Amino acid sequence: MQVIDWIILLAYVALVVGLGCWFVRKSSTSDEFIAAGRSLPGWVVGLSVFGTFVSSISFLANPGKSFDANWNPFVFSLSLPMAAWIATKWFVPFYRTLGTVSAYDHLESRFGLWARLYAVCCYLLTQVGRVGSIMFLVAQVLETATGAPIAVIIVATGFLVTLYTLLGGIEAVIWTDALQSVVLTLGIMVTLVVIPMEVPGGVGGILDVAVEHRKFSLGSFGASLGESTFWMVLIYGLFINLQNFGIDQSYVQRYATARTERGAKGSVWLGALLYVPISAFLFLIGTGLFALYQSRPELAPAGGFAAGDRVFAYFIVHQLPAGLTGLLMAAIFSAAMSSVDSSLNSAATLTLCDFYRRLSKRPIGEQESMRILHWATIFWGCVGTGAALAMIGVKSVLDLWWSIASIASGGMLGLFLLGMLSRRAGSREALWGTLSGLLPILWITWTSLNHKLPMGYRLREDLRFPGHSNLAIVVGTMAILFVGWGLSRRRPLRSES
């Protein structure tokens, strides 16, 4: 990196951290810290939703997947409009009517305390994996650019994001996410202009190479359950995105910050509809980089690329001119921070609302609530940083993250849908449904990890799950729904209240 690159990157980091810390004056109460006084405009909440989607997982791993293989993972993005429609029709009005900040408060009134705590624990485990994946990916880029040890970069990133999240609360998170969304979009647009200039034949040259190697393939349209087909990724994406919009605290908490219900619905549509083309642009970047290094192999590193996740980072550092490298580094850093900060704030909110306040046998004052929120933010920042350090050496972070999201979710969506769709189901039916959903999730997980386990712990070939590991959340959700609904048919209808 040249001096101008360092100036741009450091100035941007200082701007974001300073902006986040500036909101300390608006986060002096617990309601302001976790809900921004419920006064934010829908458009800024929507940009924040979009920024949360475009984490460094998308920014680096999506180009890496299209570089290594094809556009099959892009099908995940195609499920977003359908999930957004369901969210604005049912989920957003549901939470706005409840008026709660926690996404899991209603599960206690519906099924009991165990359901609430189960969902919270699953969410927190998922966020630890998400924060770790995001910080590890951005650290890979900075390691390539600066030569600094990756562990040092991870710790420094975790410290900075935790700092402004700790001081500014959810309002700092949302406004900095909006700024970061603009920066990362600008970085993507700049890259799409530069890559064709480096490839012989420009855009035509990229298309020729991509078509020759079937890079634009969305996957097989067959009915195989054991392959990552178009339908497999579409169904997986629909379930994950329904979970995001329906029971993910990071999103549900944003519904509460919007000034009106219409603004909350608009934020969902804005975030979803912005992400689909930006996701396509990221896959296009990976395809363009494949064409570049195929046609000009002298530009690639001598030993090739150890993983597709590192391709975009290598291009930014070695092929972009001075100044643009700094801009792209800022974009990548913004993609990481816009997701990590929301996860930390949400985790701290649940720690206060669903554990400390709920389990305490005495009233919790405002000063004590703020102290818990601050210490919880620090705690989850440290845990997420530790998870990122543990991921050093992972080959494909996108595959790892999809596995974590599918497994740690543990059928949360099924429990939520059972409560919404069945008026008969009670605590016992929900518990049996959840246990029945966990069994196939554990089976699928064991199968997916089978080749990595010692011989004595491996499943026999005829006992392994025959489908793809991404089906864990689908099978788990449907098992909870069908078992819970089936058992509840013998119970009388619950009242409308």
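About the cut-offs
Residues numbered from 1 in each chain as written. Predicted model: local features only at pLDDT ≥ 70, side-chain atom pairs only at ≥ 80, totals over all residues. Heavy atoms only, no water. Helix = DSSP H or I, 4+ residues; strand = E, 2+ residues; numbered from the N terminus. Rg over C-alpha atoms; globule rule 2.2 N^0.38 Å. Buried < 20%, exposed > 50% of the residue type's maximum accessible area, 1.4 Å probe, protein only. Contact = heavy atoms within 4.5 Å. Areas by Shrake-Rupley, 256 points an atom, 1.4 Å probe, with all protein chains shown as cover. Core = buried A, V, L, I, M, F, W, Y, C linked by side-chain atoms within 4.5 Å. Expected span 1.5 Å × (residues − 1). Bend = angle between axes of the 7 residues up to and from the residue. Polar contact = N/O pair within 3.5 Å; in protein donor to acceptor, adjacent residues only side chain to side chain. Phe/Tyr/Trp six-rings, centres within 6.5 Å; stacked < 30°, edge-to-face > 60°. Disulfide = S-S within 2.5 Å. Axes fitted to C-alpha atoms, helices over the stretch in contact; angles between N-to-C directions. Parallel < 35°, antiparallel > 145°, perpendicular 65-115°, else oblique. Left-handed = near helix turned anticlockwise from the far one by under 90°. Nonpolar A, V, L, I, M, F, W, Y, C, P; charged D, E, K, R; others polar.

A. Broad picture of the overall build of the protein. From N to C terminus, the protein includes 20 helices and zero strands. For 497 residues, the compact-globule estimate of 2.2 N^0.38 gives 23 Å, and the C-alpha radius of gyration of the protein, at 23 Å, lies within 12% of that figure. Overall, the protein is about 70 × 60 × 45 Å in size when its C-alpha atoms are taken along their principal axes. Going through the 497 residues of the protein one by one, you find that 59% of them count as buried. Within the protein, contacts between residues separated by at least 24 positions form 85% of all contacts whose residues are at least 6 apart in sequence. For the protein, the exposed area adds up to about 19,600 Å²; of that, 67% sits on carbon and sulfur atoms.

B. How the structure looks around the environment of I278. Assignment of secondary structure puts I278 in helix α13 (residues 261-295). For I278, a relative accessible area of 6% gives the class buried. Counting along the chain gives 228 residues from I278 to F50, while the straight-line C-alpha distance between them is 9.8 Å. Leaving out residues up to four positions away in the same chain, I278 has contacts with F50, V54, T185, I188 and M189.

C. Structural view of helix α18 (residues 412-421). Of all 10 residues that make up α18, eight are buried, and the element is covered over most of its length. All of the buried residues along α18 are M412, L413, G414, L415, F416, L417, L418 and G419.

D. Representation of the nonpolar core in the model. Ranked by size, the top nonpolar core spans 154 residues in total, and within it F59, Y104, F245, L289 and Y293 carry the most contacts. If sequence neighbours within four positions are ignored, L289 has contacts with F67, I195, V311, F312 and F315.

E. Helix α9 (residues 150-198), seen in detail. Its 49 residues give α9 an end-to-end C-alpha distance of only 29 Å, which falls more than 12% under 72 Å, the value for a rise of 1.5 Å per residue. The largest bend in α9 comes to about 120°, at G169.

F. Molecular detail of the side chain of T287. With respect to the helices, strands and loops of the structure, T287 is situated in helix α13. Residue classification places T287 among the buried positions, given a relative accessible area of 1%. Among the polar contacts listed, one links the side chain of T287 to the side chain of W71, at a separation of 2.8 Å. Sequence-distant contacts of T287, that is, excluding residues within four places in its chain, are made with S66, W71, I206, A210, K215 and F216.

G. Seen up close, the packing of aromatic side chains. Applying the stated criterion across every chain, the model contains 24 aromatic pairs. Note on W71 and F74: the rings are 5.6 Å apart at their centroids and 70° apart in plane angle, and the pair reads as edge-to-face. According to the relative accessible area criterion, F74 is buried, its value standing at 10%. Aromatic pair F245 and Y251: ring centres 5.7 Å apart, planes at 80°, arrangement edge-to-face. Here F245 and Y251 have matching classes, each one buried. An aromatic cluster of three or more residues is present, and its members are F91, F94, Y95, Y255 and F416.

H. Broad picture of unusual backbone geometry. Backbone geometry at A36 places phi at a positive 55°, although glycine is not the residue there. With relative accessibility at 3%, the residue A36 sits in the buried group. In this structure, R38 is a non-glycine residue whose phi angle is positive, near 55°.

I. Representation of the side chain of S133 in the model. The topology assignment puts S133 in helix α8 (residues 113-146). Among the polar contacts listed, one links the side chain of S133 to the backbone oxygen of G129, at a separation of 2.8 Å.

J. Spatial organisation of the state of the cysteines. The tally for this structure, following the rule as stated, stands at zero disulfides. No disulfide involves C353; its sulfur sits 15 Å from the nearest other cysteine sulfur, which is in C121. On the basis of relative accessibility, which here comes to 14%, the residue C353 falls in the buried class.

K. Spatial organisation of the packing of helix α14 (residues 311-318) against helix α15 (residues 324-359). At a minimum axis separation of 8 Å, α14 and α15 run at an interaxial angle of 150°. Taken together, the axes of α14 and α15 are roughly antiparallel relative to one another. The handedness of the crossing between α14 and α15 comes out as left-handed. Only T325, L328, M329 and I332 of α15 make contact with α14, whose side of the interface consists of F312, I316 and V317. A class-by-class count of the residues in the contact of α14 with α15 yields six nonpolar, one polar and no charged.

These figures come from the coordinates and say nothing about function on their own.
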